[in-house]
Amino acid sequence: MSTTLTDAPRTGRAPRPRMLRGLSWLVTRQHRAALLSLLAATVLGSVWLVYERGHMKDILDAAGWPGKELAQPVFDSDSVGLVLTALGGLPLILAVFVGAPLIAGDQEQGTAQLVTTQSVSRMRWVATKFAWVYAAVLGATVVLSALFTWWWKPYRSVFPSQWSDGSIFDATGPVLPALCLFMTAVGITIGVLTRRVLMSMAITFVLSGAVGIFWDRMIVNLAPTRTITYPLDADMPARLNESMEVDRWIGSADGHLYGWGLCAKTTEAASDACVKEHGIVNNVYEYLGFDQMPAMQWTGAGILLAGTVVLTAFVLWRVSRRPL
């Protein structure tokens, strides 16, 4: 009995159905290392945040907080700093190691030319990559941001960092997901333009640092500042305890403002003489209140998401007009 070469082999087992098919299966398989690494980082990061929160809670409970005022920090602030450093470095890591090689790697190795010679259009192929990478980045960062916010918010008064620090502002609420999406889009855009993996990673690394510096300076512009005036010799009002200082002055009774260090003399007598000479009677304090933080974060997240949309649209437009 003879068989033909077209006969299907009989293994006795039916093929397992795939959860993903077509282009989605191809993209997830091609980038499975990055996607699995992101999933692992999310799981390990979540466990770490839950542990650190529980550890801080146990220490504060043992110290009698909040019933007793803490004279000095009773927990290791280095562990908190390590968490903030990890979360603060996440946008850079995603931009350099996920965004930059995403399409540049395919361009450099010729995979892009192979894929786009099939029945799949360049636009659809790149759009599928965007969808999967953005979904993975968004899912991971939303989880990590939510857990860190859950840890920080009830204990913010004893945290070694204030909300006005960029590390706290960027790691809580919607800012972390929006910032990570934007930086990933930056890396992808640079990769498409340079077409080389190492070059795109190096440029993305440098540009990410510049974006981080610019973003830190942008924070104070995300909401209108407030100003409060109080007597020169009075204590700072309690409402300023959790405020972000923007600027401060000293002022005379007629409303004229002077720089804070005008009367910072070497002796108390000289300082008093300066105060009397200029008729200074008030402290004038410009600030952003803690109650403005949510609105500032959503405004900042909106700006970052708009930037992500612009960069994504640019990449899609470019690949639709020029061959990869």
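On a predicted model such as this, the values are computed, not experimentally measured, just so you know. (Residues numbered from 1 in each chain as written. Predicted model: local features only at pLDDT ≥ 70, side-chain atom pairs only at ≥ 80, totals over all residues. Heavy atoms only, no water.)

Caption draft 1: Up close: the pairing of strand 2 (residues 244-252). Two elements, strand 2 and strand 4 (residues 280-288), share 8 bridges in a ladder whose sense is antiparallel. In the sheet register, Asp-247 faces strand 4, and the bridge partner there is Glu-286. Strand direction decides the pairing type here: strand 2 and strand 3 (residues 257-259), joined by 3 bridges, are antiparallel. Residue pairing in the sheet places Trp-249 in a bridge with Gly-259 of strand 3. (Pairing = 2+ DSSP bridges. Helix = DSSP H or I, 4+ residues; strand = E, 2+ residues; numbered from the N terminus.)

Caption draft 2: Structural context of the state of the cysteines. A full pass over the atoms with the stated rule returns 1 disulfide. With a sulfur-sulfur separation of 2.1 Å, Cys-263 is cross-linked through a disulfide to Cys-274. Between Cys-263 and Cys-274, the S-S torsion sits near -70°, and that sign places the bridge as left-handed. On the criterion of sequence distance, the pair formed by Cys-263 in the loop between strand 3 and helix 9 (268-278) and Cys-274 in helix 9 is long-range, its members being 11 residues apart. Here Cys-263 falls in the buried class, since its relative accessible area comes to 10%. (Disulfide = S-S within 2.5 Å. Buried < 20%, exposed > 50% of the residue type's maximum accessible area, 1.4 Å probe, protein only.)

Caption draft 3: Examining the sheet that holds strand 4 more closely. The 4 strands lie next to each other as 1-4-2-3, forming an open sheet whose pairing is antiparallel. What marks the edges here is a single partner per strand, and that holds for strand 1 (226-231) and strand 3. Across the sheet, the mean angle from the axis of one strand to that of its neighbour is 35°, orientation sign disregarded. (Axes fitted to C-alpha atoms, helices over the stretch in contact; angles between N-to-C directions.)

Caption draft 4: Highlighting helix 3 (residues 77-109). In this model, helix 3 (33 residues) spans 46 Å end to end at C-alpha, consistent with the 48 Å of a helix rising 1.5 Å per residue. Considering bend angle alone, the principal kink of helix 3 is centred on Pro-101 and spans about 50°. Phi turns positive, to about 90°, at Gly-110, one or two residues after helix 3. (Expected span 1.5 Å × (residues − 1). Bend = angle between axes of the 7 residues up to and from the residue.)

Caption draft 5: Expanded view of the pattern of salt bridges. For the structure on display, the rule yields 4 salt bridges. Where Glu-242 meets Arg-156, a salt bridge forms, and the shortest distance between an N and an O atom there is 2.7 Å. With Glu-242 in the loop between strand 1 and strand 2 and Arg-156 in the loop between helix 5 (122-152) and helix 6 (166-171), the pair connects residues that are 86 residues apart, well separated along the chain. For Glu-242, a relative accessible area of 26% corresponds to the partly exposed category. Accessibility expressed as a relative area gives 23% for Arg-156, which makes it partly exposed. As a salt-bridge pair, Arg-248 and Glu-245 come within 3.2 Å of each other at their nearest N and O atoms. Given a relative accessible area of 19%, Arg-248 falls into the buried group. (Salt bridge = Lys/Arg side-chain N within 4 Å of Asp/Glu carboxyl O.)

Caption draft 6: Spotlight on the packing of helix 7 (residues 175-194) against helix 8 (residues 197-218). At a closest axis distance of 9 Å, the pairing of helix 7 and helix 8 adopts a crossing angle of 145°. For helix 7 against helix 8, the interelement crossing comes out right-handed. When helix 7 is examined against helix 8, the residues Val-175, Phe-182, Met-183, Val-186, Gly-187, Ile-190, Gly-191 and Thr-194 are found in contact with a partner set consisting of Met-199, Ser-200, Ile-203, Thr-204, Leu-207, Ser-208, Val-211 and Trp-215. Of the residues contributing to the contact of helix 7 with helix 8, the split by class is 10 nonpolar, 6 polar and no charged. (Left-handed = near helix turned anticlockwise from the far one by under 90°. Contact = heavy atoms within 4.5 Å. Nonpolar A, V, L, I, M, F, W, Y, C, P; charged D, E, K, R; others polar.)

Caption draft 7: Quick peek at the environment of Val-281. As for its position among the elements, Val-281 is in strand 4. Of the residues examined, Val-281 reaches a relative accessible area of 37% and is grouped as partly exposed. Not counting residues up to four positions away in its chain, the partners in contact with Val-281 are Pro-231, Leu-232, Gly-251, Ser-252 and Ala-253.

Caption draft 8: View of helix 8. If you check helix 8, its first and last C-alpha atoms are 30 Å apart, about what 22 residues at 1.5 Å a residue would give, namely 32 Å. Buried residues belonging to helix 8 abut helix 3, helix 6, helix 7 and helix 10 (293-321).

Caption draft 9: Main features of the packing of aromatic side chains. All told, the structure shown has 9 aromatic pairs when counted by the stated rule. Pairing Phe-130 with Tyr-134 gives two aromatic rings, centres 5.2 Å apart and planes at 50°, and the pair type is tilted. Here Phe-130 and its partner Tyr-134 are both found in helix 5, 4 residues apart, which amounts to about one turn of the helix. The pair formed by Phe-130 and Tyr-134 is uniform in burial state, with each residue classed as buried. Ring pairs connect the aromatic residues Phe-148, Trp-151 and Phe-159, which therefore count as one cluster. When the ring centre of Trp-150 is taken as reference, the NZ or CZ atom of Arg-53 above it lies at 4.0 Å. Positioned above the aromatic ring of Trp-260 is the side chain of Arg-248, whose terminal nitrogen or guanidinium carbon lies 4.5 Å from the ring centre. (Phe/Tyr/Trp six-rings, centres within 6.5 Å; stacked < 30°, edge-to-face > 60°. Lys NZ or Arg CZ within 6 Å of the ring centre and 35° of its normal.)

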